[in-house]
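Next come the chains, spelled out residue by residue.
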Amino acid sequence: MADIAARLGEIVGAEHVLSGDAIGEDYTHDETLTVEAVRPAHVVRPGSADEVAAVLTLAAETGTPVTARGSGTGLSGSATPRANGVLVSFERMNKILEVDTENHVAVVQPGVTLAELEERTKADGLFYPVYPGELSASLGGNVGTNAGGMRAVKYGVTRHHVLGLQAVLPTGEVIRTGGKYVKASTGYDLTQLIVGSEGTLALVTEATLKLQPRLSHQATILAPFPELATVARAVPRMVGSGLGPLILEYIDAFTMGAITYSADLQLGIPDEVRDKAQAFLVVMLEDNAQSRLDEDVEAAGALLGELGALDIYVLPGSAARKLIEAREKAFFTARTAGADDIIDTVLPRAALPEFFAKVLQIAQGHQTLVVGCGHAGDGNVHLAVFQKDPEVRHKVLHELFATGMSLGGAISGEHGIGHEKKRHFLELEDPDKVELMRRIKGAFDPKGVLNPGVLFD
């Protein structure tokens, strides 16, 4: 490995290669709760696609495992390196190469963070709408995991906004896919194959991202409901109302109590209403005209009342921002409270009531606390599982995933499989599909050097 370190130094400069004790703790893990941290043999910080290509060529030649890392905010363990491997950190490749206001795209390197792109696009009246809840997350990491977030109900997830990529194959070739155009029917869609592949097929060195016009007015409605099932039944009606919510989130009473306490947030809900509420629906609407927004808020409030809400609260701007921020930090609140795992299963919106009923049965059957919140508008359920016994916890998770899949869903809606959910994925997914994925992996990565152990054994 010392020889590899020297050769890596020749590629990127010795100052951009870290080895042994020089590798900081932050490089050894992402935010996943159940995957142990691993210190790689080397960390390399390339500055260009050509340097990435040279690193991968060396890895293929020597059989050295390679793991890519952005900001390390992922929740699947896919950025966890191998002890005998190289971690490629994209912290130096952090430039916004272009904001094209006529084609409404941004061209960015993988180390650019959401916060940096948000700040850069403000002056042009544009924004990148995918927001998975952590502004320090890198665009390269978001592309790798097909990140989603609260705005997905209106704008979709990462793959809906990636128009093109520059990517380095594990065989050393640098390719470009897609471009600034919004549609194509020309061969296989390699862009979308690489998006969400968790660093197992190629390393993204540049992304062309679709931007949206920035609307000037927003309003947030909080609706407490007497039962979680009532909230779940309300979701399809809200989505189908034509109001086009920017955010449509459910939060159960346990989680609402935790996040508001953690944020020291008072929402002005009377005690008698709060005591009856078992779940809450958060609806954010947006428009360019305040008058149209006011009409939509009134219509949304009336519909929520018809759907069984105990009351309707239009939150002041400061309270709305604090509530959304607290919801975004729900993972960290759950972790602080002692959650042993977080899942993000996804299923058809109409299946939410049945799923929640079965979640309660599974939790009670294994004497496990399962609570949470989620992007109800797109059927993405985030559940915190409190169960110290690893064998019992595995059974709980397996039953939750199997239930979601039986209702037409999938194991992960936005976090990815990584190392963390691999056992469940391999046991529950259609084996013919898994085998096809293995063949695709083999075509891209014949030496198996990119992120070995992620998705497959």
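Data block above holds the structure.
None of these values were measured; they are calculated from a predicted model.

## Quick notes on the overall build of the chain
Along the chain, the regular secondary structure elements total 16 helices and 18 strands. Here the C-alpha atoms of the chain give a radius of gyration of 22 Å, agreeing with the 23 Å that 2.2 N^0.38 yields for 457 residues. Seen along its three principal axes, the alpha-carbon backbone of the chain occupies a region of about 70 × 55 × 40 Å. The buried share among the 457 residues of the chain stands at 55%. By sequence separation, contacts in the chain at least 24 residues apart represent 75% of the contacts at least 6 residues apart. By element, 50% of the accessible surface of the chain is carried by carbon and sulfur atoms, the whole surface being about 19,300 Å². Here the chain holds 40 positive side-chain charges and 59 negative ones, and the gap between their average locations is 2 Å.

## What about the nonpolar core?
Counting 49 residues, the largest nonpolar core has Met 238, Leu 281, Leu 304 and Leu 383 as its most contacted members. Secondary-structure elements contributing two or more residues to this core are β12 (217-225), α7 (228-239), β13 (247-252), β14 (279-287), α10 (290-306), α13 (352-365), β18 (380-386) and α14 (390-406). In terms of residue count, α13 provides more of this core than any other element does, six residues in total. Look past the residues within four positions of Leu 304 in its chain and what remains in contact with it is Ile 221, Ala 223, Phe 225, Met 238, Leu 281, Val 283, Ala 309 and Ile 312.

## Overview of a nonpolar patch on the surface
A surface patch of nonpolar side chains, amounting to about 340 Å² of accessible area, comprises Tyr 188, Leu 190 and Leu 193. Within the secondary structure, Leu 193 sits in helix α6 (residues 190-194).

## A short note on the environment of Leu 139
For Leu 139, the position within the fold is in helix α4 (residues 139-145). Distance in space between the C-alpha atoms of Leu 139 and Ile 269 is 38 Å, their sequence separation being 130 residues.

## A few points about the side chain of Arg 393
With respect to the helices and strands, the residue Arg 393 is situated in helix α14. Buried charge without a partner: Arg 393 forms no salt bridge, and the closest opposite charge is Asp 340, 4.5 Å away. If we skip the residues at most four places from it in the chain, Arg 393 touches Asp 340, Asp 341, Val 385, Gln 387 and Lys 388.

## Looking at α7
With twelve residues, α7 extends 17 Å between its outermost C-alpha atoms, agreeing within 8% with the 16 Å of an ideal straight helix rising 1.5 Å per residue. Turning to α7, its buried residues number three or more, namely Thr 230, Val 231, Ala 232, Ala 234, Val 235 and Met 238. Elements in contact with the buried residues of α7: β12, β13, β14, α10 and α13.

How each quantity is defined
Each chain has its residues counted from 1, running along the sequence as written. In keeping with the predicted nature of the model, local features appear solely for residues at pLDDT of at least 70, side-chain atom pairs appear and are counted solely at 80 or more, and the whole-chain, interface and lining totals rest on all residues. The basis for every side-chain value is the complete set of heavy atoms in the structure, and neither hydrogens nor water enter the calculation. In this description a helix means any DSSP run of H or I spanning at least four residues, a strand means any run of E spanning at least two, and both kinds are numbered starting from the N terminus. Within these notes, the globule rule equals 2.2 Å times the number of residues to the 0.38 power, and the radius of gyration is based on C-alpha atoms. When accessible area is computed with a 1.4 Å probe and restricted to protein chains, residues below 20% of their type maximum are described as buried, those above 50% as exposed, and intermediate ones as partly exposed. We call two residues contacting when some pair of their heavy atoms lies within 4.5 Å. All accessible areas in this document rest on Shrake-Rupley with a 1.4 Å probe, and a residue is counted as covered only by the protein chains that are shown. The charge count treats Lys and Arg as positive and Asp and Glu as negative. His and the chain ends do not count. Charged groups are reduced to one reference atom each: NZ for lysine, CZ for arginine, CG for aspartic acid, CD for glutamic acid. To qualify as a nonpolar core, a set must consist of buried Ala, Val, Leu, Ile, Met, Phe, Trp, Tyr and Cys residues joined through side-chain atoms within 4.5 Å. Within this analysis, patches are made of residues with over 30% relative accessible area and no salt bridge. Like charges are joined at 9 Å or less; nonpolar side chains (Val, Leu, Ile, Met, Phe, Trp, Tyr) at 5 Å or less. In the sections that follow, a salt bridge refers to a side-chain nitrogen of Lys or Arg positioned within 4 Å of a carboxyl oxygen of Asp or Glu. The length a helix should cover is 1.5 Å for every residue beyond the first.

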